[in-house]
Every structure is written in structure tokens, then in C-alpha cells.
Amino acid sequence: MRDTGEAIIKRTAVIIPAYNEGKIIRRTITQLEPYFKNIIFINDGSSDNTRQQALQTNAKVLSHPINLGQGAALRTGFDYALLNPQYEYFVTFDADGQHDPKDAVKMVNYLISHKLDVVLGSRFLGQAANLGTSKKMLLKAAVKFTNYTSRLKLTDAHNGLRVFNRKAAELLDLTMPDMTHASQINHRIKEHNLSYAELPVTITYTEYSKAKGQSALNSVNILFDILLNKATKKW
Amino acid sequence: MVAIQILLIAGIGFLLIWFFKSPSSSKMRAWKKIFGVLFTIVAVGLVLFPQSANDAAHAVGVGRGADLLLYLLTLAFIFGTLNQYVKSKQDEQRIVELGRQITLLEARLPQAKRSSSKQ
């Protein structure tokens, strides 16, 4: 039975966590709206006008009472989305305008046609416009490390553009509230033997998103968190 | 290898294992209290019988009682720091869960109005 495009859209939820993205969030969401109808936005305790901006769109706006971290925001988004039994497909999408809505569409269709549990976007398979060399090197190193800790072979381990089917979404159980969640997602894929694929996606680095990007130093925190959790068996 | 080296390394190893393997439980808390009381007794004993520190030090291959005390103090400090860290991580988990539940409850109320308007 082939799903029509519209039927797929009705059953797809897009989850967008954001912290202090007031300048860009309205544009990001409105650029998604032609392609997706069910957008769930999580304001992670922003101190700027992120929430107001998001309320101007058609997205459902959830707000954390205080800043809890992107991992926690994603989890909240998934918890909320999973409440609706109509949703079969779940897309995670970055708030800062780095992702292309058309890539998300492509990934959802691929997930369905290939009957996969997870589809991951990879900037190293596709176009990474304006990616600085040091950041590129750091990302590649991060990929190696994440592949080692999650025992998954990916080309891009920290891409926020991902698609999950309901089965995968229900198994995520993201317990890391901060940026470590990215590694935990990959670990879950391996842990539950979920079928997955990576698709090339375009990441657009603008001056805005580069300024806001994760600092290289934060990798130290992530590394420590992962090792600590592995040692205490909470991973 | 001098006795003190073995004791200290074993002590550090034990602390690390203890912290990273056992979750906080009433058993743990009881042991920590017992440890605290013993520590106090030893501390008072050392004050009343300062020579005992030197005797104990010589017994494990350390020159002076003060040095032995310093080594033990270091272990105690590591213990305290690790304890703090683990507790703080546990607190963080609870706060995050509380925050998320509030968010979800609010989201499911029709026209939920926020009393504290924090943007």
C-alpha cells in the first residue's frame, strides 16, 4: 500500500528544540511549514524572545520552565509527539537554519520506502558549505570517537537532522540532558539493532550559526560524560 | 614497595570503585555515617595521643605522623569531592525530570496560561 504524500505528512511530526534562537527561529519554522504540518517546538528556557517568535508560527510551542539542555528538550519533544497515536514518523530538526527542509522530506520518504527504523543525515556525504577546517577536523574526530563508543559506523555522528519511525522513537530513552544525547542516540540504534541508513544532507553554515555552534571545548564535557556513564553502567 | 604506597593506592582504587559502582542507597548512606563517626574517633584520638600518629606512620613506612595525616587527608578529600560530584549529577537528573514533566503537563492543558511570565 503506497502512502500518498499528504497521508505521510499527516503522520509525521517534526521536533525542534531551541535555546535562544529568537533571531532565526521564526524563519526556520516558516520555511518548514510548506513541507510539514505537525511541527513541535520546544523552547528550552530561552532568555530572549524565542518563545514569542515561535508563537507567531503554526508550530505547537512547548516551554521548559528553565534551561535543561538539548537532550532534555528532544526528549520532551518526543514524549509529547508520541502521545499522539497518529504520528508514525518523527523528524528532529535544528532551530538555527542549518538544515534544509527538502532534506527532511527526502529522509522521511527514504525511511518509508526502505522500511527503516532510522535515517540519519550526514554532512560528510553531502555538501557542507562554509565549514571551517578546524571544526571539520574536530567533527571527524568526534565521529571516530562516537563510532567507537556506540560501535556504529557513521560518517556524521552529530547531525541534528534525523528521522525515526515510531518503534525507534519509543526506544530512544534519552537520559543525557546535554549535548551527549547525540552519542546516546547512536548507542541506542546499536543497542536495539535498529535498521538505519545515512543520507547526504546539506548543512548551511552562516555567520549566525557558526557563532552559536558548539565550542570545541565542550567536547571535553561530552567525552567525560560518556566515559563516566559507561563506567557507572548508566549508558 | 612501602606499605603506605600499597595502602594509598588500594584506598584510591577502593574509592573509585565504590563510587562508580554503587548507586546511592540507604546502605551507602549508613556506611558513610559509620565512616564519619570512626573518622571523628580517630581524629580525637590523635589529638589526645599525638605520638600515636608517629607510631602508626612508622608502622606503614612513613617518616612522620604529620605526613601520614596528610596522605589520609588527601584520600578523604578525594572521597568528598567524588561524593559531591555524584550527588550533584543525581540532583541534576531529578531537576531535569521535574522540568520536563511540568512542560508536558502544561502542553496538554488547553490554553495553559503561564503565571510566571519568563518569556
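Here is what the cut-offs are and how they apply
- Residues numbered from 1 in each chain as written.
- Chains lettered and ligands numbered in written order.
- Predicted model: local features only at pLDDT ≥ 70, side-chain atom pairs only at ≥ 80, totals over all residues.
- Heavy atoms only, no water.
- Patch = residues over 30% accessible without salt bridge, like charges linked within 9 Å, V, L, I, M, F, W, Y side chains within 5 Å.
- Areas by Shrake-Rupley, 256 points an atom, 1.4 Å probe, with all protein chains shown as cover.
- Salt bridge = Lys/Arg side-chain N within 4 Å of Asp/Glu carboxyl O.
- Lys, Arg positive; Asp, Glu negative; His and termini not counted.
- Charge placed at Lys NZ, Arg CZ, Asp CG, Glu CD.
- Helix = DSSP H or I, 4+ residues; strand = E, 2+ residues; numbered from the N terminus.
- Buried < 20%, exposed > 50% of the residue type's maximum accessible area, 1.4 Å probe, protein only.
- Pairing = 2+ DSSP bridges.
- Contact = heavy atoms within 4.5 Å.
- Buried area = accessible area lost by both parts, 1.4 Å probe.
- Polar contact = N/O pair within 3.5 Å; in protein donor to acceptor, adjacent residues only side chain to side chain.
- Nonpolar A, V, L, I, M, F, W, Y, C, P; charged D, E, K, R; others polar.
- Arc of directions from axis to C-beta.
- Axes fitted to C-alpha atoms, helices over the stretch in contact; angles between N-to-C directions.
- Parallel < 35°, antiparallel > 145°, perpendicular 65-115°, else oblique.
- Left-handed = near helix turned anticlockwise from the far one by under 90°.

Chemist: I keep staring at a positive patch on the surface and nothing clicks. Help me out?
Modeler: Taken together, the side chains of Arg151, Lys153, Lys190 and Lys230 of chain A define a basic patch exposed on the protein surface. Of note, arginine 151 of chain A is situated in the loop between α6 (133–150) and β7 (162–165).

Chemist: Explanation requested: the pairing of strand β1 (residues 12–18) of chain A in the structure shown.
Modeler: Walk down a regular strand and you will see the side chains alternate between the two sheet faces. All names here are of chain A. Along β1, seven of the seven residues are buried, which leaves the element largely enclosed by surrounding structure. The alternating pattern of β1 places Thr12, Val14, Ile16 and Ala18 on one face and Ala13, Ile15 and Pro17 on the opposite face, and all of these are buried. Of the strand pairs in this sheet, β1 and strand β4 (residues 89–92) are connected by four bridges, and their pairing is parallel. Bridging across to β4, threonine 12 finds its partner in tyrosine 89.

Chemist: Would you take a moment to explain the interface of chain B and chain A for this structure?
Modeler: Reports of interface size often rely on the accessible area that becomes lost once the parts have come together. If you look at the interface, chain B gives 19 residues, while chain A gives 28 residues. Buried area between chain B and chain A, both sides added, is near 2,000 Å², and the carbon and sulfur share of it is 60%. The tally of links from chain B across to chain A stands at one salt bridge. A salt bridge links arginine 100 of chain B to aspartate 79 of chain A; the shortest N-O distance between them is 2.9 Å. Taken together, the links from chain B to chain A amount to four residue pairs in polar contact (both at pLDDT 80 or more). Looking at the side of chain B that touches chain A, the elements with two or more residues in it are α1 (3–21) and α4 (65–108) of chain B. A total of 14 residues in the side of chain B that touches chain A trace back to one element, the largest contributor, which is α4 of chain B. In the side of chain B that touches chain A, the residues fall into seven nonpolar, four polar and eight charged.

Chemist: What am I meant to see in helix α2 (residues 25–32) of chain A here?
Modeler: Along an α-helix, residues three or four positions apart point the same way, because every turn accommodates 3.6 residues. Residues and elements named next belong to chain A. Taken together, the buried positions of α2 are occupied by Ile25, Thr28, Ile29 and Leu32. Looking straight down α2, one finds its buried side chains confined to an arc of 90°; they lie on one side. Those residues of α2 that are buried lie in contact with β1, β2 (38–43), α3 (50–55) and α5 (101–113).

Chemist: Got a minute to help me understand unusual backbone geometry in this structure?
Modeler: Negative phi characterises most residues that are not glycine, and trans characterises most peptide bonds. Residue and element names in this part refer to chain A. With phi around 50°, lysine 115 is a residue other than glycine that occupies positive phi space. Take lysine 115: it is sitting in the loop between α5 and β5 (118–122). The exposure class of lysine 115 is exposed, given its relative accessible area of 71%. Non-glycine residue asparagine 193 carries a positive phi angle of around 55°.

Chemist: Could you clarify how one ought to interpret the packing of α6 of chain A against helix α8 (residues 181–191) of chain A in this entry?
Modeler: For any two helices packed against each other, one specifies the crossing angle of their axes together with the interaxial distance. Residues and elements named next belong to chain A. Contact geometry of α6 with α8 gives a least axis separation of 9 Å together with a crossing angle of 40°. Here α6 lies oblique to α8, going by the angle between them. Classified by chirality, the crossing of α8 by α6 is right-handed. Between α6, through Thr146, Thr149 and Ser150, and α8, the contact on the second element is made entirely by Ser183, Asn186, His187 and Lys190. Here the residues of the contact of α6 with α8 sort into no nonpolar, six polar and one charged.

Chemist: Just checking my understanding: could you explain the sheet that holds strand β3 (residues 60–63) of chain A for this structure?
Modeler: Strand pairing in a sheet takes place through backbone hydrogen bonds and is either antiparallel or parallel in direction. All names here are of chain A. Ordered in space as β3-β2-β1-β4-β7-β5-β8, the seven strands form an open sheet in which the pairing is mixed. The two strands at the open ends of the sheet, each matched to only one other strand, are β3 and β8 (196–200). Sheet twist, expressed as the average angle between the axes of neighbouring strands with direction ignored, equals 20°. Here α5 sits on the sheet in contact with β1, β4, β5, β7 and β8, set at roughly 30° to β7. Strands β5, β7 and β8 of the sheet are contacted by α8, whose axis makes an angle of about 40° with β7.

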